[in-house]
Structure formats: structure tokens, C-alpha cells
Amino acid sequence: MQPRNGSAVEVRSLVKRFNSFVAVDRVTLDVARGEIFGFLGPNGAGKSTTIRILCGLLAPTEGSARVHGFNVATQPELVKKSIGYMSQKFSLYDDLTVEENLEFFSGVYGVPRNVRPLRQAYALKMAGLEGEEHTMTRLLAGGWKQRLALGCAILHQPPILFLDEPTSGVDPIARRQFWDLIYAMAESGTTVFVSTHYMEEAEYCHRLALMYKGRTIALGTPAELKASHGPGATMNDVFIASIEHEEAESR
Amino acid sequence: MSFRRYSAIFRKEGLHILRDWRSLAMALGVPILLLILFGYALTLDVDRIPTVIYDQDGSPQSREVVERFRGSRFFSIVERQGDYREIIRRIDNSTALVGVVIPRDFARKVAGNEVAEVQLLFDGSDSNTASIAAGYAEALVLAYSSELRERQVIRRGAGKMPPPIDARVRVVYNNELKSRNFIVPGLIAVILMIIAALLTSLTIAREWENGTMEQLLSTPVRPTELLLGKLSAYFVLGMADMAIALALGVSVFGVPMRGSLLLLIFASALYLFGALCWGILLSTVTRSQLLAFQVALISSFLPAFLLSGFIFAIPDMPFVIQQFTRIVPARYFVALLKGIFLKGVGVSVLWADILFLFVYAVLVFALASRTMRQKMA
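Residues numbered from 1 in each chain as written. Chains lettered and ligands numbered in written order. Predicted model: local features only at pLDDT ≥ 70, side-chain atom pairs only at ≥ 80, totals over all residues.

Undergrad: It is not clear to me how the overall build of chain B should be interpreted in this structure. Could you clarify?
TA: Across its full length, chain B carries 14 helices and four strands. For 377 residues, the compact-globule estimate of 2.2 N^0.38 gives 21 Å, and chain B exceeds it by more than 25% at 29 Å. Over its C-alpha atoms, taken along the principal directions, chain B stretches across nearly 100 × 45 × 40 Å. A buried classification covers 38% of the 377 residues belonging to chain B. The long-range share in chain B, meaning contacts at least 24 apart out of those at least 6 apart in sequence, stands at 81%. (Helix = DSSP H or I, 4+ residues; strand = E, 2+ residues; numbered from the N terminus. Rg over C-alpha atoms; globule rule 2.2 N^0.38 Å. Buried ≥ 20, exposed ≤ 12 C-beta atoms within 10 Å, placed from the backbone. Contact = placed C-beta atoms within 7 Å.)

See below:
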């Protein structure tokens, strides 16, 4: 997939309604190529719904979104070829070995046979699972599973990676290691769109959006966001202040 | 449609099947179990019916009647009783199904040109066997009676009796009238239906329940590729079952296979494909393994067993149910199986059944693939 001009992700007044419930409320944002873009917010804020729309898994109700230049509503097939997706819910096949999972995802991503050994070796190395090729996936510990899932999502070398709370339920050390991988990926030119509810992870992002009740209530680099809330403010302060401000506005 | 993606799905499904040894054992063991159960235990043939005889007369004539029963292969005399209550006791505890009572004045009435009577008692709690046994017993008594009359006519010197009409019976197919010969081929329809619909009913629902469907949806894989990849893997398993059933049926149960093997394989493939699509359709609609399994069990096993003409003849059914059997694919496949196995007939006779299976397979496939596209979009 050749890189296209413009932003990696372009969202314009995106709305998603489930019956009367508004899950995503007029979200507008841009993500530049090579950026690590964070989505921060409590559970139920609409982070996952937005990501699923961007991955072509859900149709938007209103507004538009482009991923890698493709319209998610009308060109989902092309969007899916340009992205890797990994969700909070662990989603590899437990009864397949590490190698068989890698082989399967190489197949469904359409990776040509001659480059598969190279790509799979890279994914294995990245996940730190060398020597575990024949281990049943169900026997892997949580952190390893997450890294294998990431490895499976990048076999086709997607320009954009969507990670939906990839580190939830993983211990702090494994989380730190996972972020090292995200950095390595961004350095090699991949755009990473990641959602989290861990404050310290928000600090690792180049830019981030605070999401609350379906809306983006703050958007900027971590430094910008903290500076706007006075000297010495932490990410936590920013988060709480923004939510309180939002609640006061809506009252 | 990408062959690369299709073959990835196919191989993955194959691995699931091989890894899940319980399902695999069920898939390969159930046909063998059913064949043994039905092939050996379920025989609808009525012979050697346990019979009790109470001969009150003890005359040469009454002993002749007893000898007739003894000589018939349909009856097996378990006891010659000297007591009426003993017959009832035996029927009560099911050690006898038929009682024959020859009254004290039997020989006198036969000689005196009176109507002699033989009482026949049947255990009607097994109504099927009872009515068949009653038919045999009546025929046996009638034959003896007409023979007696002929003897008397000759003894009186009145020349020969006008010859009675003799019904010449020739059974065209399955001339030994062995029920096993039609049960075993018919069973193939039931086996394929159970295995195909039950196993595939789990396959899509499992992906939803494990969250792997979400992952698949984010990849470029298309609904049709997913459907065909899964179908192909279970198709291989189903055809293996077909081969097992065919081999066992012919070698162990000695069922004649008169028709074309190629036609049999083709018809089985069509039927299997339709059944697999049905299971996948249920799995796609319900998204729940438990629910899909239950619906598949009821909607596949029961019609294939009860409404296919496998054991219960369709012409004997009430009119409304007869009409209903027209939409049961197993009915057409059972007709094909009987035609190919027992009659050895070919496409020129069976084309309508083949056409129905083809239409059914195409319809259910179209429905399954449409539903999957909707659910996956």
C-alpha cells in the first residue's frame, strides 16, 4: 500500500448512535503520519466505538472518516488492507501454536508466500517469542499473548496501527516493554493510534485526545495540555479538570 | 475472492478439527456407533416370534396344527402349555408374543364338518409385531384349513377340488426383505445430516464468543472466503464419514451396492454441502454455540430421522405431514440412496432427487453467505 498525501487519519464530525444512545458525538481530529496518537478516557467514553469505525468494523451514523486516504464507510476493504488492529479482548486462536497463528494471519492479510518467513521471523523477534514457535498460544502468559497479537497485526506491514487498550490487564513491566515496541514501530514510520485509560501511558503519546461521553474534550500534546492547566499540573489533574469543566458546561 | 485468504481459513479450520479431539472422536465415532446400533439392534424383520401353544385336544389333527407352527420360520415355540393362565402370564412378562389355543373338540369338529376353531392371542402392546404375526398365523391356519378340505373332498371320491388361486410373489428389489438392507443406506442420510449440521453450527458462533471474529473482521478477509474455507474443512470430514459408512455397510452388514459409486459420491457431496451450509447459517444467525447446537439438533436430526422415509414410510403418513416431507432434503437423499444401493438405478430415474438436492444446496448457500455478509458488515 503506497503512502498517500495528507493525514494518516482524518475524522470529521463523526457521529455514531445506537438507537437513542450517542456513543460518538461529533468527533473531529487529524493524526499525522508517524505519530503516536493517544485516546484517553474512562470506560464507555466512546474510544472503542471510534476505533472500530476507523477500522471499518462499524458504519458511522453521520460525518466522515478517512484512514490512509480511504473512506471508512465506502472503502472498508481498502481501509482493512492498510491497517493492523489489535483489541483489548485477546483475539488469537488458543488451540493453534504461535507459528500457526502467525501463518494464519499472514494468509488472511494476503502476505505473499515468499516473504512470509522473513515477516514471521521479524514478528517473533519483536514479540520476544523466538524459540516458542511450537508453543500452544493458550499456554502463553498475558504479556506474551499481547505481543504475539501485535506481531500478528503487523505481518502485512500496515502503515497505520490501531491498538484498542492493548495493555489492559497486563503487568507494569510487560506494559513498559509493549510501549518500547510501539516506539520502535513509530520510528520505522508506522502511525500508531492507541487508546488507554492509564494516565502514565498518556504521557508516552506524541499527541492525545481526551474523550468523555462521546466527545473529545481536550486535544494536544501532553505538554500543551498540562501547561494549559497551570504550572505543575499532572496528566491526572488535566483529566479531572477537563471532565469537571465539561460537566459544568452541560449543566 | 482471494485463494490465499481462502486457503488460510481452510488450513486453520483443519487445525481446529484435528486439535479438538472430542469433536473429532464424535465426528468419526458417531457414524460407527449409529451403524452398529441400527444395523444390528434395529431390525424390523419379524421372525422366530416366541409362541406358546396350549393344545387341549391332543389329537392327531391338533398335533398337525402344532407341527405347522413348529415348521414355520416365523414362529418359535417356547413352550407347550397345559394351562390357559400360563399363556397370559407369559404374554404379561413378554416371554411370548403369541399364544395358540386349540380347543378340546378340535378333531371332532374337523371330522364332523363343523367349523373348527383355533384361538390366537397376540401381545398388542407391540402393535407392529403383533399385526405382522397375526398375518402369518392366519395365513398358516388358512393354508392348513384348505388342505384339510381338499383331503376330505378326495376321500369322498368326488374328484379333485377346483384349484384355488395361487398368488405368485416376486420381490423385485431386496428380495430377502431384509430391513437392514434399507436401514443401512438410509442411515447414511441421518449420519451426514447430524455430523454436518452439528459441527458447523458451532464454528461461526465460536468465533463470536471467543472474540476472534472481531479480529477477522479487521482483516481484508471476505465473508465468502470465510464461509468457503470453513465449509471445505468440514466437507472433508463429512466425506470421510460417508466413506466409513459405505465401507462398513457393504463389508460388515453385507448391504448390496448395485449402482454407480460415482453417482453415490456426487449425490452425497451435494447433500453434505447443503447440510453444512445449514449448520453455518444457524451459527451465523444465533451467534451462540449452545443455541445453534440445539437448533441444529432439532432441525437436522429429527426431520432426517422421522420425515425422510428412512424408517417410516412416507405414504403411510397423514396428508399434511406428507406434504411437509417435501421440503426435507433427507427425503430426497434417502430416495437416492435406496435407488443407488438396492435398485442400481441411475440418473435417468433419480434426476429429480438430484435436482432438488442441488437447488437446496444453492439456496442455503446463498442464504448463508448473504446472512454472513450482513452480520459481518
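That covers the picture; the talk isn't over yet.
Undergrad: What is the right way to look at the nonpolar core in this model?
TA: One recurring pattern in soluble globular proteins: nonpolar side chains tend to sit buried together. Residues and elements named next belong to chain B. Grouped together as the largest cluster of nonpolar side chains are 148 residues, with contacts concentrated most on Ala189, Leu192 and Cys277. The greatest single-element share of this core, amounting to 19 residues, is contributed by helix α7 (residues 179–210). In this structure, Ile49, Val52, Phe69 and Ala96 belong to the second largest nonpolar core, which totals 21 residues. (Core = buried A, V, L, I, M, F, W, Y, C linked by C-beta atoms within 7 Å.)

Undergrad: Please clarify how the domain arrangement of chain B should be interpreted in this entry.
TA: Interface size, as often reported, equals the accessible area lost upon joining of the parts. Its domain assignment divides chain B into domain 1 (3–42 + 178–376) and domain 2 (49–155). Using C-alpha coordinates to define each centre, domain 1 of chain B is positioned 49 Å away from domain 2 of chain B. (Domains from an automatic or database assignment.)

Undergrad: Honestly, the packing of helix α4 (residues 116–127) of chain A against helix α5 (residues 142–153) of chain A in this entry has me stumped. Any pointers?
TA: How two helices sit against one another is set out by the angle between their axes and by the gap between those axes. Residue and element names in this part refer to chain A. Contact pair α4 / α5: the axes reach a minimum separation of 9 Å and the direction vectors enclose 150°. Compared by their axis directions, α4 and α5 come out roughly antiparallel. For the pair α4 and α5, the sense of crossing is right-handed. In this structure, α4 uses Ala123, Leu124, Met126 and Ala127 to contact α5, whose residues at the interface are Arg147, Leu148, Leu150, Gly151 and Cys152. Residues belonging to the contact of α4 with α5 are distributed by class as follows: seven nonpolar, one polar and one charged. (Axes fitted to C-alpha atoms, helices over the stretch in contact; angles between N-to-C directions. Parallel < 35°, antiparallel > 145°, perpendicular 65-115°, else oblique. Left-handed = near helix turned anticlockwise from the far one by under 90°. Nonpolar A, V, L, I, M, F, W, Y, C, P; charged D, E, K, R; others polar.)

Undergrad: Help me out: how do you make sense of unusual backbone geometry in this one?
TA: Most peptide bonds adopt trans geometry, and most residues besides glycine take a negative phi value. One non-glycine residue with positive phi stands out, namely arginine 26 of chain A, at about 45°. Its place among the elements puts arginine 26 of chain A in strand β2 (residues 21–31). You will see that serine 94 of chain B, though not glycine, has its phi angle at about 60°, which is positive. Mapped onto the elements of the fold, serine 94 of chain B is located in the loop between α4 (84–92) and β3 (98–102). Take serine 94 of chain B: there are 11 C-beta atoms within 10 Å of it, and that puts it in the exposed class.

Undergrad: What exactly am I supposed to notice about the interface of chain A and chain B here?
TA: Taken together, the contact between chain A and chain B spans 18 residues of the former and 20 residues of the latter. Breaking the side of chain A that touches chain B down by element, the ones donating at least two residues are α2 (76–82) and α3 (98–108) of chain A. Looking at which element gives the most residues to the side of chain A that touches chain B, the answer is α3 of chain A, with four residues. In terms of residue class, the side of chain A that touches chain B is made up of eight nonpolar, four polar and six charged.

Undergrad: Sorry, what's going on with the sheet that holds strand β5 (residues 70–71) of chain A here?
TA: Strand pairing within a sheet occurs via backbone hydrogen bonds; the two strands may be parallel or antiparallel. Residues and elements named next belong to chain A. Spatially, the four strands line up as an open sheet ordered β2-β1-β4-β5, and their pairing is antiparallel. Edge positions in the sheet fall to β2 and β5, since each of these pairs with one other strand and no more. Sheet strands in contact with helix α1 (residues 47–54) are β1 (9–18), β2 and β4 (62–67), and its direction is about 115° off that of β1. (Pairing = 2+ DSSP bridges.)

Undergrad: How should I be thinking about the environment of glutamine 75 of chain A in this particular structure?
TA: Residue and element names in this part refer to chain A. If you trace the backbone, glutamine 75 turns up in the loop between β5 and α2. The exposure class assigned to glutamine 75 is partly exposed, which follows from the 17 C-beta atoms found within 10 Å. Taking the C-alpha atoms as reference, glutamine 75 lies 8.4 Å from glycine 56; in sequence the two are 19 residues apart.

Undergrad: Before we go on, may I ask you to explain the confidence of the model for chain B in this structure?
TA: Regions with low pLDDT carry predicted coordinates that are not meant to be interpreted in detail. Counting all residues, the mean pLDDT for chain B is 87, and 96% of those residues have values of 70 or more. At the level of chain-chain contacts, confidence expressed as ipTM amounts to 0.88, with global pTM at 0.82. (pLDDT = per-residue confidence, 0-100.)

Undergrad: What is the right way to read the packing of helix α13 (residues 329–343) of chain B against helix α14 (residues 347–376) of chain B from this model?
TA: Residue and element names in this part refer to chain B. Packing of α13 against α14 leaves a shortest axis separation of 9 Å and a crossing angle of 145°. Every pair of crossing elements has a handedness; the one defined by α13 and α14 is left-handed. Contacts between α13 and α14 involve Pro329, Tyr332, Phe333, Ala335, Leu336 and Gly339 on the former and, on the latter, Val349, Leu350, Asp353, Ile354, Phe356, Leu357 and Tyr360. Taken together, the residues of the contact of α13 with α14 sort by class into eleven nonpolar, one polar and one charged.

Undergrad: Would you take a moment to explain the environment of leucine 336 of chain B for this structure?
TA: Residue and element names in this part refer to chain B. Here leucine 336 shows up in helix α13. Residue leucine 336 is classed as buried on the basis of its C-beta count, with 28 C-beta atoms lying within 10 Å. Those residues in contact with leucine 336 that lie beyond four places of it in its chain are Ala267, Leu350, Asp353 and Ile354.

Undergrad: I'm lost on the environment of proline 303 of chain B in this one. Help?
TA: Residues and elements named next belong to chain B. With respect to the helices and strands, the residue proline 303 is situated in helix α11 (residues 289–306). Considered as a pair, proline 303 and asparagine 128 are 175 residues apart in the sequence and their alpha carbons are 22 Å apart. Not counting residues within four places of it along the chain, the set of residues in contact with proline 303 comprises Ser308, Val328 and Ala330.

Undergrad: Would you mind showing me how to read the pairing of β2 of chain A here?
TA: Regular strands show a simple pattern: their side chains alternate between the two faces of the sheet. Residues and elements named next belong to chain A. Of the strand pairs in this sheet, β1 and β2 are connected by seven bridges, and their pairing is antiparallel. Paired with lysine 16 across the bridge in β2 is valine 24. Linkage of β1 to β2, two consecutive antiparallel strands, is achieved through a turn of two residues, within which asparagine 19 is found at a positive phi near 55°.

Undergrad: Hey, could you run me through the sheet that holds strand β8 (residues 191–196) of chain A in this one?
TA: Residue and element names in this part refer to chain A. Pairing within the open sheet is mixed, and its six strands lie in the order β6-β7-β8-β3-β9-β10. Edge positions in the sheet fall to β6 (83–86) and β10 (215–220), since each has one partner strand and no second. Neighbour-to-neighbour, the strand axes of the sheet open up by a mean angle of 15°, direction not taken into account. Sheet topology places strand β9 (residues 207–212) next to β10; five bridges connect them, and they run antiparallel. Looking at the pairing, methionine 211 lines up with threonine 216 of β10.

Undergrad: Could you clarify how one ought to interpret α5 of chain A in this entry?
TA: Within an α-helix, residues lying three or four positions from one another point in the same direction, as the helix has 3.6 residues per turn. Residues and elements named next belong to chain A. Compared with the 16 Å implied by 1.5 Å per residue over twelve residues, the 17 Å span of α5 between its first and last C-alpha is a close match. Of all twelve residues that make up α5, ten are buried, and the element is covered over most of its length. Listed as buried for α5 are Trp144, Lys145, Gln146, Arg147, Leu148, Ala149, Leu150, Gly151, Cys152 and Ala153. Elements that come into contact with the buried residues of α5 comprise β6, α3, α4, β7 (160–164) and α6 (172–187). (Expected span 1.5 Å × (residues − 1).)

Undergrad: Sorry if this is basic, but what is going on with α13 of chain B here?
TA: All names here are of chain B. For α13, which comprises 15 residues, the first-to-last C-alpha distance of 20 Å matches the rise-based estimate of 21 Å (1.5 Å per residue) to within 8%. Among the 15 residues that make up α13, 13 are buried, leaving the element largely enclosed by the rest of the structure. Backbone geometry just after α13 places glycine 344 at a positive phi near 70°.

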